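# Chain and residue survey
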Amino acid sequence: MSGGATETPVGCEAAPGGGSKKRDSLGTASSAHLIIKDLGEIHSRLLDHRPVIQGETRYFVKEFEEKRGLREMRVLENLKNMIHETNEHTLPRCRDTMRDNLSHVLQRLRAANESVYKLQQREQERKKWRTEATGEGQGQLPPSATWTHLSGSEPTHCA
């Protein structure tokens, strides 16, 4: 350049051949700025764990949701299979068994009802004999009104 003036260095470049105090202080300030910037990066990498923790948290949540989703899908699939098995096989089998057993129970109930009806008739006949016997003044049943005569069989005792 013309006029004998010295050129000022650009950025961090030092002026050739020694220089003024102003130039040295600018160079020192910019290198201090770079050091501080580097320290900030080192600090954030070593001591600021937020990005790493956030990444790990996202990964954990993603894995947890996927595994949970798969586990729930397996549970739902098992329930579906169990319901299908119940509807197709177990219920018809139970229905048939119930019909068979209920018909057997119904027959036994009819037989029991018939036995109770016969016992009621016998009891009525006994009362009739007693009233006739007390009307005659004897106070006892006539000899013809024994258990064998009224029931047609000997009494049975249940153990």
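In case you missed it, the structure is sitting above this.
What this report covers is the structure whose coordinates are included nearby. Note that the coordinates shown come from a computational prediction; the quantities given were computed from them, not determined experimentally.

Rules used throughout
Residues numbered from 1 in each chain as written. Predicted model: local features only at pLDDT ≥ 70, side-chain atom pairs only at ≥ 80, totals over all residues. Heavy atoms only, no water. Helix = DSSP H or I, 4+ residues; strand = E, 2+ residues; numbered from the N terminus. Buried < 20%, exposed > 50% of the residue type's maximum accessible area, 1.4 Å probe, protein only. Contact = heavy atoms within 4.5 Å. Areas by Shrake-Rupley, 256 points an atom, 1.4 Å probe, with all protein chains shown as cover. Patch = residues over 30% accessible without salt bridge, like charges linked within 9 Å, V, L, I, M, F, W, Y side chains within 5 Å. Salt bridge = Lys/Arg side-chain N within 4 Å of Asp/Glu carboxyl O.

Another aspect to go through is the overall build of the protein chain. When helices and strands are tallied, the protein chain shows three helices and zero strands. Out of the 159 residues belonging to the protein chain, those deemed buried represent 5%. Across the protein chain, contacts joining residues at least 24 apart in sequence account for 13% of those joining residues at least 6 apart. Only carbon and sulfur atoms are counted for the fraction: they give 58% of the accessible area of the protein chain, which is about 14500 Å².

Take a nonpolar patch on the surface next. Residues Ile35, Leu39, Ile42, Leu46 and Leu47 make up a contiguous nonpolar surface patch of about 520 Å² in total accessible area. Tracing the backbone shows Leu47 in helix H1 (residues 21-47).

Here the focus is the pattern of salt bridges. Opposite charge on two side chains permits pairing when their charged atoms draw close. Under the definition given, this model contains three salt bridges. Its salt-bridge partner being Lys118, residue Glu114 comes within 3.9 Å of it at the nearest N-O pair. With a gap of four residues between them, Glu114 and Lys118 both fall in helix H2 (residues 50-136), about one helical turn apart. Among the residues examined, Glu114 registers a relative accessible area of 47% and is labelled partly exposed. Using a relative accessible area of 40% as the deciding quantity, one classes Lys118 as partly exposed.

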